[in-house]
Amino acid sequence: MQEEAALVVRLRQGDRRAFEELVIAYQHRVFGIAFRMLGNRAEAEEIAQETFLRAYGALPDFRGEARLHTWLYAIASRLCLNRLASADRRLVRSDDEALATAPAGEPSAAAVLERAELDAAVREAIAALPEERRIVVVLRDVEGLSYEEIGEALGLEPGTVRSRLHRARLDLKAKLERFTR
Amino acid sequence: MNCHDARELFSALIDEMLTREERADVYGHLATCAECRRELAAIERTVSLVRGALPVRAPAGFVDRVVAAARPTPWYVRAARAALLPWPVKLPLGAAAVLLVGGLAVLMFRGGQEQQSTARYDTAPPVLADRRVTEAPTDGAPASTAPAAPAPPEVASSDRIGAAGEADRTAAASRLDPAQKRAEQEFRAESKARDAAPADNLGAARGSAPALQSAPPAAGEPALAKREGLRQKAAEKADVIARLAAPDRDTAERGVVALVARLGGTVTARRIEADAAVIEVAIPGDRYGDFAREIGRLGAFSVESAPPAAPDTIRIAVRLGS
């Protein structure tokens with residue numbers, strides 16, 4: 001927390017090295033949100049880059065009332081939802097290749113296949129959710145934000161967050177039933 | 001609590017977002033309902049699957065690209081981007097700019113014409129002052145006569161008066177107040193009389209000095225436009241614009257050339273107009289009196305425009321006609 005406060009101070013002073021540290025620290029998480037929301041790597045990179053640039057331009061106005069990562073996720077979420085709502089968005093196709101994933105030791109071939117199948121199923125299930133439910137479940141179950149932080153990022157009441165999250169999980173349960181039995 | 005109410009709280013139960021009472025109610029129901037226990041377990045496994053999904057990693061080089069994009073854009077890059085605006089944006093902007101510039105040009109041109117007309121007439125006071133008439137107040141009060149104002153005219157001003165077309169005078173006169181119109185009418189009447197009189201008479205009227213007073217041409221003549229054009233051309237260079245009517249133009253021209261040479265002057269230009277030859281000469285200013293006197297022997301000499309005082313070297317445009 002203190003490190004984040006110090007980083008914010010340096011960012012507001014225009015410290016370019018601090019901005020680089022910010023990007024290094026949050027690049028994967030911001031990109032992950034964009035990718036899980038949009039399903040396309042090129043589009044996700046564009047949105048993630050735009051997120052950091054918007055943040056860089058708005059840093060003088062950042063008052064520190066929200067956590068830095070919450071603020072970043074809020075920017076990324078709005079950009080994703082705006083992109084999804086745009087008319088030309090319908091022409092974009094989702095990437096079919098598997099996600100770039102973290103190394104997982106030395107698993108067996110069967111385990112690798114099983115894990116790949118599971119990840120693909122989870123990704124497809126999330127992608128099939130309505131957008132307003134998808135962003136909530138991504139921020140909660142993938143990025144680990146609290147209900148309050150999600151409400152702050154999306155401008156929603158905590159009760160709305162809770163309701164949407166519950167509906168999203170019921171949808172996911174139905175789509176992932178064969179993995180949960 | 002029934003099954004429906006309990007299941008609505010399962011998600012919040014997993015996230016530990018229930019109050020103590022809500023949690024007690026849900027657990028109380030679960031203790032008696034196996035179906036709801038299975039439902040809760042399925043949701044917990046689903047959440048576990050999602051939370052256990054492998055993390056997504058940003059592509060290689062992402063940080064460098066973002067940091068580079070955040071650098072301030074040099075001015076020349078910004079200018080190039082502005083120049084390369086997409087046509088749907090640039091075209092309407094360009095059209096608007098053209099319309100704006102065109103509109104301003106029209107406004108300036110119209111204003112300029114009006115100002116020119118006014119300025120031409122405003123240069124009249126040297127002549128009008130000579131007629132002892134002052135400009136009427138702008139509020140339309142009657143004009144008053146005043147003592148003879150010192151003749152301030154600059155040669156350029158006289159030339160501008162001469163250069164102003166008759167049409168301009170008419171147009172300007174229509175905008176005059178009654179006093180100014182009256183002064184203009186007096187001025188025209190006297191100008192006609194002076195045009196008809198020999199130059200020496202005018203010179204005599206001013207004593208020994210030659211006639212060096214501006215005078216507009218007689219109005220209403222068919223050749224007025226040509227005459228005005230000739231006057232304007234000569235006025236761009238000459239201090240004095242004069243006319244010499246002689247039975248034999250060639251003889252008169254040779255006489256003028258000889259006279260100028262005798263007075264220490266020189267012929268600077270000669271040109272043929274539609275109905276006359278114009279010869280331009282330059283003589284010492286102190287010999288102008290001799291010039292005006294001796295040229296009268298060659299024919300009927302009249303001065304149409306002259307400065308109030310002779311400069312050191314006086315340039316004269318003589319229009320030779322029969």
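Residues numbered from 1 in each chain as written. Chains lettered and ligands numbered in written order. Predicted model: local features only at pLDDT ≥ 70, side-chain atom pairs only at ≥ 80, totals over all residues.

**Overview of the nonpolar core**
Applicable threshold: Throughout this description, the term nonpolar core refers to a group of buried Ala, Val, Leu, Ile, Met, Phe, Trp, Tyr and Cys residues whose C-beta atoms join them within 7 Å. To sort residues by burial, count the other C-beta atoms lying within 10 Å of each one's C-beta; a count of 20 or more means buried, 12 or fewer means exposed, and anything in between means partly exposed. C-beta atoms are built from the backbone. Secondary structure follows DSSP: runs of H or I at least 4 residues long count as helices, runs of E at least 2 residues long count as strands, and numbering of each begins at the N terminus. By the convention adopted here, residues are in contact when the distance between their C-beta atoms, placed from the backbone, does not exceed 7 Å.
With 59 residues, the main nonpolar core has Phe31, Ala34, Ala48, Ala76 and Cys80 of chain A as its most contacted residues. It is helix H2 (residues 16-38) of chain A that contributes the most residues to this core, 11 residues altogether. With residues near it in sequence (within four places) discarded, Ala76 of chain A still touches Val30, Ile33, Ala34, Ile47, Ala48 and Thr51 of chain A. With 28 residues, the next largest nonpolar core counts Ala252, Val260, Ala276 and Ile316 of chain B among its residues.

**Considerations on the interface of chain B and chain A**
Put simply, the rule is: When residues are grouped by polarity, Ala, Val, Leu, Ile, Met, Phe, Trp, Tyr, Cys and Pro land in nonpolar, Asp, Glu, Lys and Arg in charged, and all others, Gly among them, in polar.
Contact with chain B, which involves 26 residues of that partner, is made by 37 residues of chain A. Elements represented by at least two residues in the side of chain B that touches chain A include exactly helix H2 (10-14), helix H4 (34-51) and helix H5 (62-70) of chain B. Sorting elements by how many residues they give to the side of chain B that touches chain A places H4 of chain B first, with eight residues. The residue inventory of the side of chain B that touches chain A, partitioned by class, reads 19 nonpolar, two polar and five charged.

**Details of the confidence of the model for chain A**
Quick reminder of the rule: For every residue, the predictor reports its confidence as pLDDT, a number between 0 and 100.
Confidence along chain A averages 85 in pLDDT terms, with 87% of residues attaining 70 or more. Considering only residues more than four positions removed or in separate chains, one finds that residues 97-104 of chain A, a stretch of pLDDT under 50, has 14 contacts.

**Focus: helix H7 (residues 147-154) of chain A**
Residues and elements named next belong to chain A. Most of H7 is tucked away, with six of its eight residues classed as buried. All buried positions along H7 are accounted for by Tyr147, Glu149, Ile150, Glu152, Ala153 and Leu154. Contact partners of the buried residues in H7: helix H4 (68-85), helix H6 (131-142) and helix H8 (158-175). Downstream of H7 by a residue or two, Gly155 has a phi angle that is positive, lying close to 70°.

**Regarding the confidence of the model for chain B**
All names here are of chain B. Of the residues in chain B, 57% have a pLDDT of 70 or more, and the chain-wide mean is 70. In this model, residues 121-176 is a region of pLDDT below 50 whose contacts with residues beyond four sequence positions or in other chains number 76 contacts. Per-residue pLDDT stays below 50 along residues 194-220; that stretch engages in 50 contacts with residues further than four places along the chain or on separate chains. Across the predicted assembly, pTM comes out at 0.50 and ipTM at 0.85.

**Notes on the packing of H2 of chain A against H4 of chain A**
Residues and elements named next belong to chain A. Rules: The angle between two axes is taken between their N-to-C directions and runs from 0 to 180 degrees, where each axis is a line fitted to C-alpha atoms and a helix contributes only its stretch in contact. We call two directions roughly parallel when the angle between them is under 35 degrees, roughly antiparallel when it is over 145, roughly perpendicular when it lies between 65 and 115, and oblique otherwise. Whether a crossing is left-handed or right-handed is set by the direction in which the near helix is turned from the far one by less than a right angle, anticlockwise for left-handed and clockwise for right-handed.
The geometry of H2 relative to H4 is characterised by a closest axis approach of 10 Å and an angle of 25° between their N-to-C directions. Considering the angle they form, H2 stands roughly parallel to H4. Crossing of H2 against H4: the hand is right-handed. Taken together, the residues of H4 that come into contact with H2 (itself represented by Tyr26, Val30, Ile33, Ala34, Met37 and Leu38) are His69, Leu72, Tyr73, Ala76, Ser77, Cys80 and Arg83. Classifying every residue of the contact of H2 with H4 gives 10 nonpolar, two polar and one charged.

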